[in-house]
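# Commentary on secondary and tertiary structure
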Amino acid sequence: MYQQTATAEPDPSTGFGFNQAQPPPEAPDWAPGLDPQDQQALYEAREDHDAIVEEIPSEKDSLGRFSVLCLIFNRMIGSGIFNASSQIFYNTQSVAVTLLLWLCGVAVALSGIILYIELGLTVPRWQRPDGTKISTPRSGGELPYLNYFLKLPRFLATCLFGVSFLVFGNTATNSIAFAAAVLQASDTSQTAGRMVAIALAVNTFSCLLHSMSRKWGIRLNNVLGSLKVIMLVIMVIFGLRWLNLDVARDNFDSSTSLKRADNTQWGVYKYAEAMIYAIFPFGGFHQANYVLAEIKAPHKNFARTSGYGVLFICCLFMTITILYAANIPKADLFTADLDIAFNFFKRTVGSGVAESKVKAACGSLRALSAIGNVIVFTFTAARVKQEVAKEGVLPGSIYLASSYEFTFRHGFRRIPDHQAGGFLHTEKSPAAALALHWTVTSVLILAAMLSTDSVVFSHLPGYSLLLMAYAYGLDVIWFSCIGVGMLYLRLWPGSNWRYKSPIPHVVGVIAAVIFTATNIVPLVTIWVYDPAQRYIAHSSDRVDWFAPQMTAMAVLVAAALYWVGFRGWLWQKRVREGVVWEVVRTPIFWAGSQGQGQAQQQGGAQGQPQLVQIYEIIRFKWRVWTGDEEEGWGSGKPEGPQQEGFWEGEVPVDNSYGSGGGGMLLGTTMGVGVGTC
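Everything quoted here is computed from the prediction, not taken from an experiment. (Residues numbered from 1 in each chain as written. Predicted model: local features only at pLDDT ≥ 70, side-chain atom pairs only at ≥ 80, totals over all residues. Heavy atoms only, no water.)

## Quick word on the environment of Ser451
- Along the chain, the position of Ser451 falls in the loop between α18 (431-450) and α19 (460-491).
- Between the alpha carbons of Ser451 and Gly462 there is a distance of 7.5 Å; along the sequence they are 11 residues apart.
- Among the polar contacts made by the side chain of Ser451, one reaches the main-chain carbonyl oxygen of Ala447 at a distance of 2.8 Å.
- There is a polar contact of 3.4 Å between the side chain of Ser451 and the backbone oxygen of Ala448. (Helix = DSSP H or I, 4+ residues; strand = E, 2+ residues; numbered from the N terminus. Polar contact = N/O pair within 3.5 Å; in protein donor to acceptor, adjacent residues only side chain to side chain.)

## A word on the packing of helix α3 (residues 80-92) against helix α4 (residues 95-120)
- Their axes nearest at 8 Å, the elements α3 and α4 cross at an angle of 130°. Considering their axes alone, α3 and α4 lie oblique with respect to each other. α4 is crossed by α3, and the crossing has right-handed handedness. Taking contact as the criterion, the partners of Ile81, Ala84, Ser85, Ile88, Phe89 and Thr92 in α3 are, on α4, Val95, Val97, Thr98, Leu101 and Trp102.
- Classifying every residue of the contact of α3 with α4 gives 8 nonpolar, 3 polar and no charged. (Axes fitted to C-alpha atoms, helices over the stretch in contact; angles between N-to-C directions. Parallel < 35°, antiparallel > 145°, perpendicular 65-115°, else oblique. Left-handed = near helix turned anticlockwise from the far one by under 90°. Contact = heavy atoms within 4.5 Å. Nonpolar A, V, L, I, M, F, W, Y, C, P; charged D, E, K, R; others polar.)

## A word on a nonpolar patch on the surface
- A grouping of Val223, Leu227, Ile230 and Ile234 is seen on the molecular surface, where their side chains present a nonpolar patch of about 320 Å² in accessible area.
- Mapping Ile234 onto the fold places it in helix α9 (residues 214-241).
- With a relative accessible area of 36%, Ile234 lands in the partly exposed category. (Patch = residues over 30% accessible without salt bridge, like charges linked within 9 Å, V, L, I, M, F, W, Y side chains within 5 Å. Areas by Shrake-Rupley, 256 points an atom, 1.4 Å probe, with all protein chains shown as cover. Salt bridge = Lys/Arg side-chain N within 4 Å of Asp/Glu carboxyl O. Buried < 20%, exposed > 50% of the residue type's maximum accessible area, 1.4 Å probe, protein only.)

## Things to note about the nonpolar core
- Ranked by internal contacts, the top residues of the largest apolar core, which has 164 residues, are Phe285, Tyr324, Leu333, Ile482 and Met486.
- Among all residues touching Ile482, those that are not within four sequence positions of it are Tyr116, Leu119, Glu142, Tyr145, Leu146, Phe149 and Phe515. (Core = buried A, V, L, I, M, F, W, Y, C linked by side-chain atoms within 4.5 Å.)

## Remarks on the pattern of salt bridges
- For the coordinates displayed, the defined rule picks out 20 salt bridges.
- When the shortest N-O distance is used, the salt bridge between Glu118 and Arg490 registers 2.4 Å. Highlighted residues: Glu118 in helix α4 and Arg490 in helix α19, separated in sequence by 372 residues. With respect to burial, Glu118 and Arg490 carry one shared label: buried.
- Close ionic contact of Glu582 with Lys621 constitutes a salt bridge, the shortest N to O distance being 3.5 Å. In this pair, Glu582 sits in strand β8 (residues 579-590) while Lys621 sits in strand β9 (residues 612-624), placing the two residues 39 residues apart along the sequence.
- Lys621 sits in the partly exposed class, given a relative accessible area of 38%.
- Three or more residues joined by partner-sharing salt bridges are found here, namely Arg138, Glu387, Lys390, Glu391, Arg585 and Glu616.

The structure is reproduced here in structure tokens:
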């Protein structure tokens, strides 16, 4: 049973609500000017082996605007722009319909970034002693937003999304794409051994890089993101320079562009699959939300940087797709298993050049695109998995939720040596979460590549299954949930979301409607059976049409069963041993301009100062059950009128986020929350 209690405001003489075993060090290594009570809490938490002190990177180590842009560029520019178009052209057999589906992908990205900016700057919310509520950005992507939508039953949203992300939030598809591109560039035939070796190598390199050095991981991300944008710009230049006007006139003829090619059958499944392929390249628009707490001055930099970055990539994607259709004749464009990128380069800059050289160049560009995606998603996905672990629902949560220092002398250390100095904002990384990421990705690579039973090896069946399952299970499903949740917040009678959100009400409603509609359509229609297409695309007729969506639903069912088992285990512990599982998350915020220098004092949506979280103390412990606690309430349930509306929370003193509890503002910092199970 999950209990939620409000913390009482501590006596200044006794510190931050904790027992003072000993005074803080004479030369504290915390943020300059930090409240003494919070220094005491941090000092005691650091000495407690059952607690974690998470430090948000300082201003100089935070992600600046350029790094945020490169996160978005690196994630959105992956294998999709090279592979998705060919499948959409083939499924629709129409140039105009293909472009319309790509516009649907643009609509998903642009409406989605509006919603994710809105949620990122509004959730979670913390309550001050005077009753007003403020928001501060938190990493974790959809996790804090889903917890805000679905507060009861306890842990359900965390388990459903967390387990899904642990399975699908991996880099297996792009590791395999990188291996295939390297072999193509080197003109080497594919074998299962070669594919596995290269894919595992790039996965291992990426995880080790981000485990050992956050700084160099970000630098490599910036370099690769810049190169990938340059690559797309060069493709646009090539397409315009060698534009085939005859092909363009024929393909864009208004009398034929909307018509399907002769001897083709119409089916709902084909269009649903094509729509998912159109959404897939745009699915990385919200990468900045995964690491939102690590962005420099997020209230100032996050919204504009993310919005302009996504808009720029959408324009590039649409331009390149149009140039594909303007340079490749329909006879080739509508064929199955077309290598559209190679065909494009061959007909533009590669005319008159040996085919082997064009293939090598195309493979090199694909490899660049894939490895950049592996680098960035390893960095961001590990932070999301760390946030899931902080909710206390995973085995070994205290280890998975921790950040680790790495030195060649000591290796990885969860609790730094106090005498070593430099404890504040060191090169820490979620090494345990990265190890979990590496394990899941490696298992999926092995399963996808070694399950091929044909005489002639092909990576496409396993790769296509992973890609479709990822796009359906992590993008389409959860995007639909976010869209429905935002519509509820915007339109439900009595909801006061419009007064909290930085996005105008009309804009928010329009964005939510578009985002919901464009995701729910493929969510439902992909289940409509088409006798003419019994297998998924690019699977060499080996993967049944229902396999990806069934895989995604099986993972969701497993997540629900995990939640049932977790709650049952907690109930057994309470009944038999009289203890409850307690998760205490205490964020500490900075409201002054000295020290960290990150707080933006400009007014928010309600003219309030915008605090910056600089630390978080997480404690996992069993405590004795008092017996007078009710479901959803703690023994310290505050008195007073209940808030109106489900979405604002059931508890008057409430952080409106998952397992947190009450809040208080102490000088320039704020501490909140006790949650128990």
